[in-house]
Amino acid sequence: MYTPPAFVVSERSELYEMMRQCHLANFITATETGPMATPLPLLLDETEGEMGVLYGHLARPNPQWQADVLGHGLAVFMGPDAYVTPSWYATKAEHGKVVPTWNYAAVHASGPVEFFDDAERLLEVVNRLTNHHEASRKQPWTVADAPETFISGQLRGIIGMRMPIVDLKGKRKMSQNRPEADREGVRRGLEERAEQHDITVAAMVPT
């Protein structure tokens, strides 16, 4: 990921938080037949390994896990993003030398990939993913709520994925390279767009 110095996110705790906020990542591998990708909810275990480990699971019929991985796998976590029109810039009125851009946040994590189908390991991953995403509910659903035989059958239909992180890159492009007046224009423009379309873009407002 190309990252000019103004947009680099290097603090590991901040990178982890960006990854946690992105509930669905793109898991990408290079194979002899070309690149393969699957959108996956991934669980980050910050305590395991030197830089953390990612866990997830794919459907057993998915050909991605069956293809030999060339090099490392890549997990792409995309945060909030928004189109930025040059009409929001104060400098447009001054000299007109402005162009459109796109603001966004992203984290790329890469490392060696391991696929597994051991039932106990799969159940642990499924439990941890479920508990993570159900944690905010008043009455969280747990895997144990379903019949054990049913869950056993479901586990036979998936393949686990483990990827120790060996390289972690983060980027937050939020108009940091623009003058203060331009950043304020972007802020106002995004807030107006949010009101018009009834969406939340607070994370995309430059500070």
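All of the points below concern the structure found in this document. As the structure is a computational prediction, the values presented were derived from the model and not from experiment.

1. Structural notes on the nonpolar core
Right, so step 1: Grouped together as the largest cluster of nonpolar side chains are 24 residues, with contacts concentrated most on M19, L42, L54, F77, I165 and L168.
Right, so step 2: Elements that contribute at least two residues to this core include exactly α1 (12–21), β2 (25–31), β5 (53–59), β6 (73–84), β7 (101–111) and β9 (158–164).
Right, so step 3: Tallying contributions element by element places α1 first for this core, with four residues.
Right, so step 4: Ranked by size, the runner-up nonpolar core spans 13 residues in total, among them F116, V126, L155 and I158.

2. Things to note about the sheet that holds strand β4 (residues 43–45)
Right, so step 1: Across the sheet, four strands lie side by side as β4-β5-β9-β8; this open sheet has antiparallel pairing. Where the open sheet ends on each side, the last strands, each with one partner, are β4 and β8 (114–116). Averaged over all adjacent pairs, the angle separating strand axes in this sheet is 25°, with direction ignored.
Right, so step 2: Note: β8 against β9, three bridges, orientation antiparallel. If you follow F116 over to β9, its bridge partner there is G160.

3. Quick look at the side chain of T31
Right, so step 1: Considering the arrangement of structural elements, one finds T31 in strand β2.
Right, so step 2: Of the polar contacts made by the side chain of T31, one reaches the side chain of T33; its length is 3.1 Å.
Right, so step 3: Side-chain polar atoms of T31 contact the backbone oxygen of G34, separated by 2.6 Å.
Right, so step 4: Excluding anything up to four places from it in sequence, T31 contacts M36, A67, D68 and L70.

4. Details of the packing of aromatic side chains
Right, so step 1: Inspection of every chain in the model, using the stated rule, returns two aromatic pairs.
Right, so step 2: Consider the rings of F27 and F115, whose centres lie 6.2 Å apart with planes at 80°: the pair is edge-to-face. On the criterion of sequence distance, the pair formed by F27 in strand β2 and F115 in strand β8 is long-range, its members being 88 residues apart.
Right, so step 3: Its guanidinium or amino end placed over the ring of F116, R121 lies 3.9 Å from that ring's centre, counting from NZ or CZ.
Right, so step 4: Over the ring of Y89 we find R178; its NZ or CZ atom is 4.3 Å from the centre of that ring.

5. Describing the sheet that holds β7
Right, so step 1: Taken in spatial order, the six strands of this open sheet run β1-β10-β7-β6-β2-β3, and their pairing is antiparallel. Every interior strand has two partners, whereas the edge strands, β1 (8–9) and β3 (34–40), have only one.
Right, so step 2: When β2 meets β6, the two strands line up antiparallel, connected through three bridges. In the sheet register, F27 faces β6, and the bridge partner there is A75.
Right, so step 3: Against the sheet, α1 engages β1, β6, β7 and β10 (167–173), with an angle of about 75° to β10.

6. A closer look at the environment of L168
Right, so step 1: Its place among the elements puts L168 in strand β10.
Right, so step 2: When its relative accessible area of 13% is taken as the criterion, L168 is described as buried.
Right, so step 3: L168 has contacts with R12, L15, Y16, M19, M51, V107, H108 and A109, leaving out every residue within four places of it along the chain.

7. Regarding the side chain of R162
Right, so step 1: Mapped onto the secondary structure, R162 falls in strand β9.
Right, so step 2: The class of R162 is buried, set by a relative accessible area of 19%.
Right, so step 3: Polar contacts involving the side chain of R162 include one to the side chain of E48, which spans 2.7 Å.
Right, so step 4: Those residues in contact with R162 that sit more than four places away from it in its chain are E48, V53, L54, Y55, P112, V113, E114, F116 and R121.

8. Topic: the pairing of β7
Right, so step 1: Burial within β7 is extensive, with nine of its eleven residues counted as buried.
Right, so step 2: Where β6 lies against β7, ten bridges are found, and the strand directions are antiparallel. In the strand pairing of β7, M78 is matched with A106.
Right, so step 3: Note: β7 against β10, seven bridges, orientation antiparallel. Considered in β10, the bridge of Y104 is made with K173.

Rules used in this analysis
- Residues numbered from 1 in each chain as written.
- Predicted model: local features only at pLDDT ≥ 70, side-chain atom pairs only at ≥ 80, totals over all residues.
- Heavy atoms only, no water.
- Core = buried A, V, L, I, M, F, W, Y, C linked by side-chain atoms within 4.5 Å.
- Buried < 20%, exposed > 50% of the residue type's maximum accessible area, 1.4 Å probe, protein only.
- Helix = DSSP H or I, 4+ residues; strand = E, 2+ residues; numbered from the N terminus.
- Pairing = 2+ DSSP bridges.
- Axes fitted to C-alpha atoms, helices over the stretch in contact; angles between N-to-C directions.
- Polar contact = N/O pair within 3.5 Å; in protein donor to acceptor, adjacent residues only side chain to side chain.
- Contact = heavy atoms within 4.5 Å.
- Phe/Tyr/Trp six-rings, centres within 6.5 Å; stacked < 30°, edge-to-face > 60°.
- Lys NZ or Arg CZ within 6 Å of the ring centre and 35° of its normal.

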